[in-house]
Amino acid sequence: MMNRKRFLQLGALTGAAASIWGKKAYAQQTSKVSGPVVISTWDAGLRANKGAWEVLGKGGAALDAVEKGVMVTENEINCCVGLGANPDRDGFVTLDACIMDHRFNCGSVAFLERIKHPISVARRVMEKTPHVMLVGSGAQQFALAEGFPLEPAALSPDAQKTYQEWLKNAKYEPQINRENKENKDHGPFAPSQINGEWNHDTIGMVALDGNGNLGGSCTTSGMGFKMRGRLGDSPIIGAGLYVDGEVGACTATGQGEDVIRVAGSHSVVEMMRQGYGPEMACQKVIERIVKIKGADVHKIQVAFLAINKHGVVGSFAIHKGFSYALKTNTVEKLVEANSWFK
């Protein structure tokens, strides 16, 4: 359980942040980074950043870079992104993604099945429709009409093995109208951790190109073994991703429900608009989530990753262990983010 001292620290920090950190954060923002910058979540971001740099390194646009970058991760076999990822509790992989540029153009897809690159479908939604989001069968129909191939419905070998192990422990048997049971049980719910790792990771990427324009992308298969139809923050503009060309950009990873509650990425960008540097902006929104969750905060992980219009980057998480990948003309590395729990 969270102790009383931590909550007192939170209250004191919230009250003092504007006067103490605001000036520091603003001063930090005024130091412009030379050349393009790309940052993305987790160690998979190192490979994704290389894909983005194929665009940025040649003077290309941030929007093109963040699409190409996360496509690298969508192509890989991993737990939480792309068609090779863990399925929902009924055994189906459903994908979510969104993309946004510096002019507030944005597109999103959610609950998309059997399409390899949801990020590219999201971009087509942005560029070819009057809408921001398409979901489910409608999103798939649009993707097929745009020439995206329909992939096989089979799980990857890794996902199939993990799913079978989950079924043994969960003993899940799909039932019609389960909600009518006396205990209102829709369970079993997706575990918060699998093999000690948080079960809700994402590839989120934000970039600043050589022309000073920002772009962002986010793509995921969502929480493994989630309820059929569950949607997290990743495809929601303002939650999993937000870009404001005059201020900065932010992406989120972790438990999507709690990112949605505070319009997480938008809130971080608004903190930067007030003059806070990227890390402090991320920290302040994390503190908001910590306060909302109370003693239950130890059960979840959320992290934000942000960049301001000057190319200064920053991140903050609830728990230790979140890292992000950074690439510039001179630097390529994995950075451990600061966190509320030390």
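Residues numbered from 1 in each chain as written. Predicted model: local features only at pLDDT ≥ 70, side-chain atom pairs only at ≥ 80, totals over all residues. Heavy atoms only, no water.

**Student:** Would you explain the overall build of the protein chain in this entry?
**Tutor:** Looking only at helices and strands, the protein chain has 9 helices and 15 strands in total. Within the protein chain, the proportion of its 342 residues that are buried is 55%. When contacts within the protein chain are restricted to residue pairs at least 6 apart in sequence, those whose partners lie at least 24 apart make up 65%. Element-wise, carbon and sulfur atoms account for 52% of the exposed surface of the protein chain, whose accessible area totals about 14,900 Å². (Helix = DSSP H or I, 4+ residues; strand = E, 2+ residues; numbered from the N terminus. Buried < 20%, exposed > 50% of the residue type's maximum accessible area, 1.4 Å probe, protein only. Contact = heavy atoms within 4.5 Å. Areas by Shrake-Rupley, 256 points an atom, 1.4 Å probe, with all protein chains shown as cover.)

**Student:** Looking at this model, I keep getting lost on helix 4 (residues 118–128). Mind explaining?
**Tutor:** For the α-helix, the turn length of 3.6 residues means that residues three or four positions removed from each other point alike. The buried fraction of helix 4 is high, at 8 of 11 residues. Within the span of helix 4, buried status applies to Pro118, Ile119, Ser120, Val121, Ala122, Arg123, Val125 and Met126. Taken together, the buried residues of helix 4 touch helix 3 (62–75), strand 2 (95–101), strand 3 (106–112), strand 4 (133–135), helix 5 (136–145) and strand 8 (214–220).

**Student:** Which parts of the structure should I look at to understand the state of the cysteines?
**Tutor:** What is meant by a disulfide is a covalent connection between two cysteines, made through their sulfur atoms. This structure, assessed with the given rule, holds 1 disulfide. Between the sulfur atoms of Cys79 and its disulfide partner Cys80 the distance amounts to 2.2 Å. With the S-S dihedral at roughly -90 degrees, the linkage between Cys79 and Cys80 falls on the left-handed side. Between Cys106, a free cysteine, and Cys98, which holds the nearest cysteine sulfur, the sulfur-to-sulfur gap is 8.2 Å. The structure places no disulfide on Cys218, whose sulfur is separated from the nearest cysteine sulfur, that of Cys98, by 5.4 Å. Residue Cys218 is classed as buried on the basis of its relative accessible area, which comes to 0%. (Disulfide = S-S within 2.5 Å.)

**Student:** Hey, could you run me through the environment of Asn338 in this one?
**Tutor:** Counting through the fold element by element, Asn338 comes out in strand 15 (residues 338–339). Sequence separation between Asn338 and Glu279 is 59 residues; the distance between their C-alpha atoms is 8.6 Å. With sequence-adjacent residues up to four places away left out, Asn338 is seen in contact with Glu279, Ser315, Phe316 and Ala317. Among the polar contacts listed, one links the side chain of Asn338 to the side chain of Glu279, at a separation of 2.7 Å. (Polar contact = N/O pair within 3.5 Å; in protein donor to acceptor, adjacent residues only side chain to side chain.)

**Student:** I keep staring at the packing of helix 3 against helix 4 and nothing clicks. Help me out?
**Tutor:** Angle between the axes and distance between the axes are the two parameters that describe a pair of packed helices. The contact between helix 3 and helix 4 brings their axes to 8 Å, and the two run at 150 degrees. It follows that helix 3 is roughly antiparallel to helix 4 by the angle criterion. Contacts between helix 3 and helix 4 involve Leu63, Asp64, Glu67, Val70, Met71 and Glu74 from the former and Pro118, Ile119, Ser120, Arg123, Met126 and Glu127 from the latter. Within the contact of helix 3 with helix 4, the residues separate by chemical class into 6 nonpolar, 1 polar and 5 charged. (Axes fitted to C-alpha atoms, helices over the stretch in contact; angles between N-to-C directions. Parallel < 35°, antiparallel > 145°, perpendicular 65-115°, else oblique. Nonpolar A, V, L, I, M, F, W, Y, C, P; charged D, E, K, R; others polar.)

**Student:** Looking at this structure, how should I read the side chain of Thr219?
**Tutor:** With respect to the helices and strands, Thr219 occurs in strand 8. Classification of Thr219 as buried rests on a relative accessible area of 0%. Among the polar contacts listed, one links the side chain of Thr219 to the side chain of Glu74, at a separation of 2.7 Å.

**Student:** Would you mind going over the pairing of strand 9 (residues 241–244) with me for this structure?
**Tutor:** Both faces of the sheet carry side chains from a regular strand, because those side chains alternate between them. Going residue by residue along strand 9, you find Leu241 and Val243 tucked away on one face and Tyr242 and Asp244 tucked away on the opposite face as well. Pairing geometry for strand 9 and strand 10 (residues 248–254), over 4 bridges, is antiparallel. Bridge pairing links Tyr242 to Cys250 in strand 10. The hairpin turn running from strand 9 into strand 10, its antiparallel successor, is 3 residues long. (Pairing = 2+ DSSP bridges.)

**Student:** What is the right way to look at the sheet that holds strand 12 (residues 313–317) in this model?
**Tutor:** The strands that make up a sheet are held in pairs by hydrogen bonds between backbone atoms, and each pair lies either parallel or antiparallel. Across the sheet, 5 strands lie side by side as 9-10-11-12-15; this open sheet has mixed pairing. The open sheet is flanked by strand 9 and strand 15, the only strands paired with a single partner. Bridge count between strand 11 (residues 302–308) and strand 12: 5 bridges; the pairing is antiparallel. In the strand pairing of strand 12, Ala306 is matched with Gly314. The sheet strands contacting helix 8 (residues 264–273) are strand 9, strand 10 and strand 11, and the helix crosses strand 10 at an angle near 145 degrees.

**Student:** Help me understand helix 8 in this model?
**Tutor:** Of all 10 residues in helix 8, 7 are buried, a share of seventy percent or more. Of all the positions in helix 8, only Gly264, Ser265, Ser267, Val268, Val269, Met271 and Met272 are classed as buried. Of the residues flanking the end of helix 8, it is Gly275, one or two places downstream, whose phi is positive at about 115 degrees.

**Student:** Could you clarify how one ought to interpret the pairing of strand 12 in this entry?
**Tutor:** By the criterion of burial, strand 12 is predominantly enclosed, with 4 of the 5 residues buried. Hairpin remark: strand 11 followed by strand 12, antiparallel, with 4 residues in the connecting loop; positive phi at Gly311, about 85 degrees. With 2 bridges connecting them, strand 12 and strand 15 associate as parallel partners. Considered in strand 15, the bridge of Ala317 is made with Ser339.

**Student:** What am I meant to see in unusual backbone geometry here?
**Tutor:** Glycine aside, residues mostly have negative phi angles, and peptide bonds mostly take the trans form. A positive phi angle, close to 65 degrees, is found at Trp42, a residue other than glycine. Looking at the secondary structure, you find Trp42 in the loop between strand 1 (37–41) and helix 2 (44–56). Non-glycine residue Phe111 carries a positive phi angle of around 55 degrees. Topologically, Phe111 is positioned in strand 3.

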